[in-house]
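# Chain and residue survey
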Amino acid sequence: MIYLDYQATTPLAPEARDAMLHWLDGPAGTGFGNPHSPHRYGREAAAAVELARDRVAALFPPGGRVIFTASATEALNIAIRGCAPVIAGQGIAVSAIEHAAVWDTAQALANPFHEIAVDAQGLVDGSGPLPAGTGLVAVMQVNNEIGTVQPVAEIARAAKAAGALFVCDAVQAAGKMALPLADCIAISAHKLHGPKGIGALWIRDGLELAPLVTGGGQEGGLRSGTLSPALCAGFGAAAKLATERMEADREHVEALWNRAIELFDGWILNGSATARWHGNLNLRRDWLDVARLMSDVRDVAFSAGSACASGSGKPSRVLRAIGLSDKDSKTSIRLGFGRYTGMDDLERAAAAIIAAAGTQG
Ligand code: PLP
């Protein structure tokens, strides 16, 4: 089986797994302590959590604090819902291609909702004016379906100039590129070779959010609940590795992308080829029956549209936003590759997909 679904999740790095094991100890060990306990077990666990926090913080810009959450979805909810009292009744403007974690959360609030359009390349115009009365802007750094990289630094400056807060979903960017100076930034461990079940929210110094989850007051009172030292340690190890390997991983992904583009000659690329994370190849062929292709190519794990949307039968909101008809968006597949994808894996997977597609065209 060849795994080409790196936007859905990434394989756990062996280093992250190793870092977690001690914190999964049973009664014979010392690694099961509650990091919020004052005795030795607790202090050791707390030290591991703080080391992990420093390693995760190194992925973000300076000038903020990091809290651990259960996922990026939770981090984005804390950010957006936590900002709502700060922006009072002002509007929330989000790009048309945001993940549901942002889109649905912004829509659930009573504040006026504005959609920021993207062009046919899947890009927000960073120099475009913000809708009048905007108090909060949310634009993702790298899109999960089509990989496009948004001009987030420019958008952050525009938001600041307009007196609005800027929330950035950097889930698909973290560990791959520098993250922008924003008011809040959300990331997820499992997208950068860490474990599932843990995310992080970076909050600019000086910004006070209203907590969503109340209780024991952990994570500066913003996210009560006992932290998992194992998940934190795994996230920290994955973050450290991503920081150290950022350039090497990028070069590897570039080599895979260049080969993939050659192999899929004649297919149409959805979204910009240049303002894009090259570990995301979202392609279509006019006549492709994606459901049939997926059932014919069972030895390759890939996706139709986003992982969340595939299987739902609903056309992708992102592909619709770049101007594709519902019919065209249903002829699209997403291949995602990265650190642990070998060139031979990519070539074998491409051969299987192209051969199966060839029986349809
Ligand atoms: N934002 C983006 C861009 C994503 O790709 C995902 C996961 O698919 C999320 C948010 C949600 O992340 P999590 O799985 O940690 O809730």
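Before reading on, note that the structure itself is shown above.
Numbering of residues starts from 1 in each chain and follows the order in which that chain's sequence is written. Reporting of local features is limited, given that this is a predicted model, to residues whose pLDDT is at least 70; pairs of side-chain atoms are given and counted only at 80 or more, and all residues count toward the totals for whole chains, interfaces and linings. Values reported for side chains reflect all heavy atoms of the structure, with hydrogen atoms and water molecules removed beforehand.

### Some thoughts on the overall build of the protein
Stated precisely, the cut-off is as follows: For helices the rule is a DSSP run of H or I covering at least 4 residues; for strands it is a run of E covering at least 2, with both sets numbered from the N terminus onward. Here the radius of gyration uses the C-alpha set of atoms, whereas the globule reference equals 2.2 Å times the residue count to the power 0.38. Under the scheme applied here, a residue whose accessible area is under 20% of the maximum for its type counts as buried, over 50% as exposed, and between as partly exposed, the area being computed with a 1.4 Å probe on protein chains only. Residue contacts are counted whenever heavy atoms from the two residues lie within 4.5 Å of one another. Each accessible area value is a Shrake-Rupley result obtained with a 1.4 Å probe; residue values ignore everything except the protein chains displayed when judging cover.
On a plain count of helices and strands, the protein comes out with ten helices and twelve strands. Since a compact globule built from 361 residues should have a radius of gyration of about 21 Å, the 21 Å found for the protein is in line with a globular shape. Expressed along its principal axes, the backbone C-alpha trace of the protein runs to roughly 65 × 55 × 35 Å. In the protein, which comprises 361 residues, the proportion classed as buried is 54%. Here the contacts in the protein between residues at least 6 apart in sequence split such that 70% fall between residues at least 24 apart. If you sum the accessible surface of the protein, you get close to 14600 Å²; carbon and sulfur atoms cover 55% of it.

### Focus: the nonpolar core
For the record, the criterion: Here, the term nonpolar core denotes a set of buried Ala, Val, Leu, Ile, Met, Phe, Trp, Tyr and Cys residues that are joined through side-chain atoms within 4.5 Å. By convention here, the domain bounds are inherited from an automatic or database domain assignment.
Ranked by internal contacts, the top residues of the largest apolar core, which has 52 residues, are Val-56, Phe-68, Phe-166, Ile-187 and Phe-235. It is helix H6 (residues 229-263) that contributes the most residues to this core, seven residues altogether. Per-domain counts for this core show at least three residues from each of domain 1 (2-8 + 245-358) and domain 2 (15-241). Residues within four places of Phe-166 in sequence aside, it is in contact with Val-137, Val-139, Val-152, Ile-155, Ala-156, Ala-159, Leu-181, Ala-182, Asp-183 and Cys-184. Within the second largest apolar cluster, 27 residues are counted, among which are Ile-80, Val-102, Trp-103 and Leu-207.

### Points about the pattern of salt bridges
Any two side chains of opposite charge can pair if their charged atoms end up close together. Spelled out, the test is: When a carboxyl oxygen of Asp or Glu is within 4 Å of a side-chain nitrogen of Lys or Arg, the pair counts as a salt bridge.
Applying the stated criterion to the full structure yields 15 salt bridges. With its nearest N and O atoms 2.8 Å apart, the salt bridge here joins Arg-53 to Glu-50. Here Arg-53 and its partner Glu-50 are both found in helix H2 (residues 40-57), three residues apart, which amounts to about one turn of the helix. Since its relative accessible area comes to 15%, Arg-53 is described here as buried. A residue is classified by how much of its surface remains accessible, and Glu-50, at 37% relative accessible area, is partly exposed. As a salt-bridge pair, Asp-345 and Arg-348 come within 3.2 Å of each other at their nearest N and O atoms. Residue Asp-345 and its partner Arg-348 are both found in helix H10 (residues 343-358); the two are separated by three residues, about one turn of the helix.

### Thoughts on the environment of Gly-220
With respect to the helices, strands and loops of the structure, Gly-220 is situated in the loop between strand E8 (199-204) and H6. Between the alpha carbons of Gly-220 and Val-66 there is a distance of 9.8 Å; along the sequence they are 154 residues apart.

### A closer look at the sheet that holds strand E7 (residues 184-188)
Note the threshold: Two strands form a pair only when DSSP identifies at least two bridges running between them. For helices, the axis comes from a line fit to the C-alpha atoms of the stretch in contact; other axes are also lines fit to C-alpha atoms, and the angle between any two N-to-C directions lies between 0 and 180 degrees.
Taken together, seven strands build an open sheet; the order of strands is E2-E8-E7-E6-E5-E3-E4 and the sheet is mixed. Two strands close off the open sheet at either side, each with one partner strand: strand E2 (64-69) and strand E4 (113-116). Neighbour to neighbour, the strand axes of the sheet diverge by 20 degrees on average, direction disregarded. Contacts from helix H4 (residues 100-108) reach strand E3 (91-95), E4, strand E5 (134-138) and strand E6 (165-169), with the element oriented near 160 degrees to E3.

### Digging into the packing of H6 against H10
This is how the line gets drawn: Relative orientations are named as follows: roughly parallel for angles under 35 degrees, roughly antiparallel for angles over 145 degrees, roughly perpendicular for angles from 65 to 115 degrees, and oblique for any other angle. When the near helix sits turned anticlockwise from the far one by under a right angle, the crossing is termed left-handed; a clockwise turn instead gives a right-handed crossing. Ten residues, namely Ala, Val, Leu, Ile, Met, Phe, Trp, Tyr, Cys and Pro, are considered nonpolar, four, namely Asp, Glu, Lys and Arg, are considered charged, and the remaining ones, Gly among them, are considered polar.
In contact at an axis separation of 10 Å, H6 and H10 are set at 25 degrees when each is read in the N-to-C sense. As the angle between them shows, H6 and H10 are arranged roughly parallel. The chirality of how H6 crosses H10 is right-handed. Residues Ala-255, Leu-256, Arg-259, Ala-260 and Leu-263 of H6 touch H10, and the partners they reach there are Met-343, Leu-346, Glu-347, Ala-350 and Ile-354. Its residues placed into classes, the contact of H6 with H10 shows eight nonpolar, no polar and two charged.

### What about the site of the ligand?
Condition: Residue proximity to a molecule or strand is established when one non-hydrogen atom of the residue lies within 4 Å of it. Definition of a polar contact: a pair of N or O atoms within 3.5 Å, with one able to donate and the other able to accept a hydrogen when the atoms are protein atoms, and with sequence-neighbouring residues admitted only if both atoms are side-chain atoms.
Near the ligand you find Ser-71, Ala-72, Thr-73, His-99, Met-140, Asn-144, Asp-169, Val-171, Gln-172, Ser-188, His-190 and Lys-191, and these make up its full shell. His-99 is positioned such that a nitrogen or oxygen atom in its side chain is 3.5 Å from an oxygen atom of the ligand. With respect to the ligand, the side chain of His-190 contributes an N or O atom lying 2.9 Å from an oxygen atom. Starting from 400 Å² of accessible surface for the ligand in isolation, the protein chains cover 88%. Counted by class, the shell around the ligand contains three nonpolar, seven polar and two charged residues.

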